[in-house]
Amino acid sequence: KRHWKKLAVAVPLVAFAGHFAHGRWLENELVRAECRRAVALGEQTTSSGSKPRKMILFVNPAANNQKTLGYLERSLLPFLHLTGIDLRIVKTEAEGEAKELVSAADDAEAILVAGGDGTVSEIITGMKRSGGKVAELPLSIIPLGYKHNSLARRIYGSKFNSDDPVRNIIEAAHSLIAGCKKEVPLMELKPRDFEKSYFSAAGLHIGAFRDGQDERNLEKKWYLGPLKKYYVALATASDVVNNPIKISLKWTVPCPGCIYCKADLIKSHDEAIKNRKWWQRTNVQKNSDSNFNKYLKRANKFCKEVRSMECFAHQLVASPSSDCIEISICSVSTWSSFVRELLSRYRNPRFSLQPCSNSSTAQKIKCKEFWLEVGAGDESVGSNPEWFSIDNENFEATPLHGRHQPNKLTVFS
């Protein structure tokens, strides 16, 4: 009773220290058990001429509140070292640097990237821009973003746990060692004022829900603590519902391949045959792609047709699928539905790049190529968004051109 003030301070501190120590002990036990398995893998005999597997790891030290290196040193690096992998580590020091550094991975068997959506997006863009062998290398994602790990959540599925980064690292390492791979579709996006294209795996996001989930808007209300998300949702609801975005969209319909869209391929094939001797031409025709004859027999009259629309909406999401780009345009009619939707996205980040769940007026479009402009025309009608997101990374809202990428990204899953 005489020291109740000291006791009131000491009890929470001791409880926090005990919780932290228990969590660290569980992490160490997990890593210790996995390292024992790694030792068994590393002791397996190989042929005398075989060389260690070479891999390169790109690390963003600033990711996850600068905790990335600590997580890697405690879990991933010992595990890969014990399995006998020759690992080279490259640290990124500035935004956008990873796009240039990834070209140095031409002598590696696989690329590893540790960070959040921003770092992963830079590596994917750098791989596709580099071309050649680097563009075909498999990618292993070590999910260490503070909040945004959308592509890792999509790849690992139920194995991903946003509250346990060490277990996520171990699961990613298991997928890498086991060689479990899958292909992820991509789309190429080129804003009008940019010289080079960006490659997206998670998708493009424009509208009120993107703005409501923007960390910069939430950080301005830091003094509200856990109530800041509710404040932002309520404060912006009426303004958002009354001011939809004006969207101008043009697109071409998906085509499996015909004489129109494959004209360049057909022309190059014919030239290759003409350049060969007469006794070699038959062999060229027999060894040609099995889909080639399908292209010659198929004439899709809608292949080159450009369709267009203009509308007012609150959200646009474009995401790549296996054979096309899927665009969803939706609106919300009441401020209460907007608040419910935004709060559900706060609680479950995996819905952050999904279309509206409670919209009955959603329009869905499938295309192979599109041209998008938002806030066009009369600025007194509708709102003009200042930003859009590509794989949860912010870009200035300028007109852009997007197209489906036939060459998919190979990732460890």
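A brief report on the enclosed structure follows. A quick note: this is a predicted structure, and the numbers were derived from the prediction, not measured.

A separate point is helix H15 (residues 335-347). The end-to-end C-alpha distance of H15, which contains 13 residues, comes to 19 Å, matching closely the 18 Å that a straight helix rising 1.5 Å per residue would cover. Of all the residues in H15, the buried ones are Ser337, Phe338, Val339, Glu341, Leu342, Leu343, Arg345 and Tyr346.

Here we take up the sheet that holds strand S14 (residues 387-390). Across the sheet, six strands lie side by side as S12-S11-S10-S7-S14-S15; this open sheet has antiparallel pairing. Only two strands of the sheet have a single neighbouring strand rather than two, namely strand S12 (363-367) and strand S15 (393-396). Averaged over neighbouring strand pairs, the angle between their axes works out to 20° when direction is ignored. Pairing geometry for strand S7 (residues 204-207) and S14, over two bridges, is antiparallel. Residue pairing in the sheet places leucine 204 in a bridge with isoleucine 390 of S14.

Further remarks concern the pattern of salt bridges. One pass over the full model with this rule turns up seven salt bridges. Residues arginine 403 and glutamate 188 are paired through a salt bridge, measuring 2.9 Å at the closest nitrogen-oxygen approach. Taken together, the residues arginine 403 in strand S16 (residues 400-412) and glutamate 188 in strand S5 (residues 181-191) connect sequence positions 215 residues apart. Owing to a relative accessible area of 38%, arginine 403 belongs among the partly exposed residues under this scheme. The structure contains a network of salt bridges with shared partners spanning Arg24, Glu27 and Arg74.

Quick look at the packing of helix H3 (residues 68-82) against helix H8 (residues 165-178) now. Each pair of packed helices gets described by two things: the angle between the helix axes and the distance between those axes. Between H3 and H8, whose axes approach to 10 Å, the crossing angle comes to 20°. Looking at the two axes, H3 sits roughly parallel to H8. Viewed along their axes, H3 and H8 form a crossing whose handedness is right-handed. Judged by residue contacts, Tyr71, Ser75, Leu76, Phe79 and Leu80 of H3 engage Pro165, Val166, Ile169, Ile170, Ala173, His174, Leu176 and Ile177 from H8. Residues that form the contact of H3 with H8 fall into these classes: 11 nonpolar, two polar and no charged.

Criteria and thresholds
- Residues numbered from 1 in each chain as written.
- Predicted model: local features only at pLDDT ≥ 70, side-chain atom pairs only at ≥ 80, totals over all residues.
- Heavy atoms only, no water.
- Helix = DSSP H or I, 4+ residues; strand = E, 2+ residues; numbered from the N terminus.
- Expected span 1.5 Å × (residues − 1).
- Buried < 20%, exposed > 50% of the residue type's maximum accessible area, 1.4 Å probe, protein only.
- Pairing = 2+ DSSP bridges.
- Axes fitted to C-alpha atoms, helices over the stretch in contact; angles between N-to-C directions.
- Salt bridge = Lys/Arg side-chain N within 4 Å of Asp/Glu carboxyl O.
- Parallel < 35°, antiparallel > 145°, perpendicular 65-115°, else oblique.
- Left-handed = near helix turned anticlockwise from the far one by under 90°.
- Contact = heavy atoms within 4.5 Å.
- Nonpolar A, V, L, I, M, F, W, Y, C, P; charged D, E, K, R; others polar.

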